[in-house]
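Here are the chains, one letter per residue:
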Amino acid sequence: KHLSALILVTSLFSPSLSAELEGDIPWGLEAVTGARTGYAHRGFDLAGPLFDFQLEGELVLREDLSLNAGGWLATEISDDFTEGAAFIDIRYDLGERFTAGASTTYRGFDHSFFKNGFDVGAFLTWFVGEEWDLTTGAYRDFGADAWYANIESGWSYRLSDDAYF
């Protein structure tokens, strides 16, 4: 119920906000919703089929410095698992091909052996080309009282000046 209301409100107000602020502030807003057949986190299968919703915003502070904030909610269709999270990170561009950053994320889990808590860490992203990127990072999970590292890749395709796939 809450997820449906959040999706509705975001879809109604995002276009009007974009039209009003587009020329005034260097910012971006992204809303994504989806259905997954399963959910794995740090190598553990946490949920079966689920729905998720993500909202992220970016504010450019300087030409080479930006602040990102957002969150997500994922809930298993059987209602046996729910994860809610919020994050904030700062990113510094190291030229055209690299970005370094630091992040803080709070994750709250329901019906999971993972404990609620904050993750803090640092990451480095390499933009391999126009469409591909590779990110690696090291983080401290205070809920689990442990360190972890990750490597991830991303792909996007520019459809127009305002749209990506």
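Just so it is clear, the model here is predicted, and its values are computed rather than measured.

What counts and what doesn't
- Here the residue index of a chain counts from 1 through its sequence in written order.
- Two thresholds apply to this predicted model, a pLDDT of at least 70 for residue-level local features and 80 or more for giving and counting side-chain atom pairs, whereas whole-chain, interface and lining totals are computed over all residues.
- Side-chain numbers here rest on the full set of heavy atoms in the structure, without hydrogens or water.
- The pairing criterion is simple: DSSP has to find at least two bridges between the two strands.
- Strands here mean DSSP runs of E at least two residues long; helices mean DSSP runs of H or I at least four residues long; both are numbered from the N terminus.
- By nonpolar core we mean a set of buried residues, namely Ala, Val, Leu, Ile, Met, Phe, Trp, Tyr and Cys, connected to one another through side-chain atoms within 4.5 Å.
- Here the term buried applies to any residue with accessible area under 20% of the maximum for its type, exposed to any over 50%, and partly exposed to those in between, with areas from a 1.4 Å probe on protein chains only.
- Every residue pair with non-hydrogen atoms within 4.5 Å of one another is taken to be in contact.
- Fitting a line to C-alpha atoms yields each axis, with helices limited to the stretch in contact; the angle taken between N-to-C directions then spans 0 to 180 degrees.
- Here pLDDT means the predictor's own confidence in every residue, given as a number from 0 to 100.
- Under the rule applied, a polar contact is a pair of N or O atoms within 3.5 Å (in protein, one hydrogen donor and one hydrogen acceptor; residues adjacent in sequence only if both atoms are side-chain atoms).

Engineer: How should I be thinking about the pairing of strand 8 (residues 117-127) in this particular structure?
Structural biologist: On a regular strand, each side chain points to the face opposite its neighbour's, so the side chains alternate between the two faces of the sheet. With 10 bridges connecting them, strand 7 (residues 98-110) and strand 8 associate as antiparallel partners. When the bridges of strand 8 are listed, Ser103 appears paired with Gly121. From the end of strand 7 to the start of strand 8, which pair antiparallel, there are 6 residues, and His111 there has a positive phi angle of about 65°. In this sheet, strand 9 (residues 132-141) lies alongside strand 8 in antiparallel orientation, the contact comprising 9 bridges. Paired with Asp119 across the two strands is Asp141, which belongs to strand 9. Connecting the antiparallel pair strand 8 and strand 9 is a turn made up of 4 residues.

Engineer: Mind showing me how you'd approach the nonpolar core here?
Structural biologist: As a rule of thumb, nonpolar side chains are buried together in soluble globular proteins. Counting residues in each nonpolar core, the largest one holds 8 residues, listed as Tyr39, Leu46, Ala47, Leu50, Ala74, Phe81, Phe109 and Phe114. Once residues within four sequence positions are removed from consideration, Ala74 is found in contact with Leu50, Phe51, Asp52, Phe81, Thr82 and Glu83.

Engineer: Would you take a moment to explain the sheet that holds strand 8 for this structure?
Structural biologist: Within a sheet, neighbouring strands are paired by backbone hydrogen bonds and run either parallel or antiparallel to one another. Read from one edge of the open sheet, 8 strands run 1-4-5-6-7-8-9-10, paired in antiparallel fashion. Looking at the sheet topology across the chains shown, the edges are occupied by strand 1 (27-36) and strand 10 (146-155). Strand after strand, the sheet turns through a mean of 20° between neighbouring axes, direction not considered. Across 12 bridges, the pairing between strand 6 (residues 82-93) and strand 7 is antiparallel. Each bridged residue has a counterpart across the sheet, and for Glu83 the counterpart in strand 7 is Phe109.

Engineer: How should I be thinking about the confidence of the model for the protein chain in this particular structure?
Structural biologist: The predicted coordinates should not be examined in detail at positions where pLDDT is low. Averaged over all residues, the pLDDT of the protein chain equals 84, while 85% of them reach at least 70. Overall, residues 1-22 carries pLDDT values under 50, and its contacts beyond four positions in sequence, including any with other chains, amount to 15 contacts.

Engineer: Teacher, can you tell me more about the environment of Glu58 here?
Structural biologist: Inspection of the secondary structure assignment puts Glu58 in strand 4 (residues 50-62). Separated by 31 residues in sequence, Glu58 and Trp27 have C-alpha atoms that sit 5.4 Å apart. When sequence neighbours within four positions are dropped, the list of residues in contact with Glu58 reads Pro26, Trp27, Gly28, Ser66, Leu67 and Asn68. Engagement of the side chain of Glu58 in a polar contact is seen with the side chain of Ser66, the distance being 3.4 Å.

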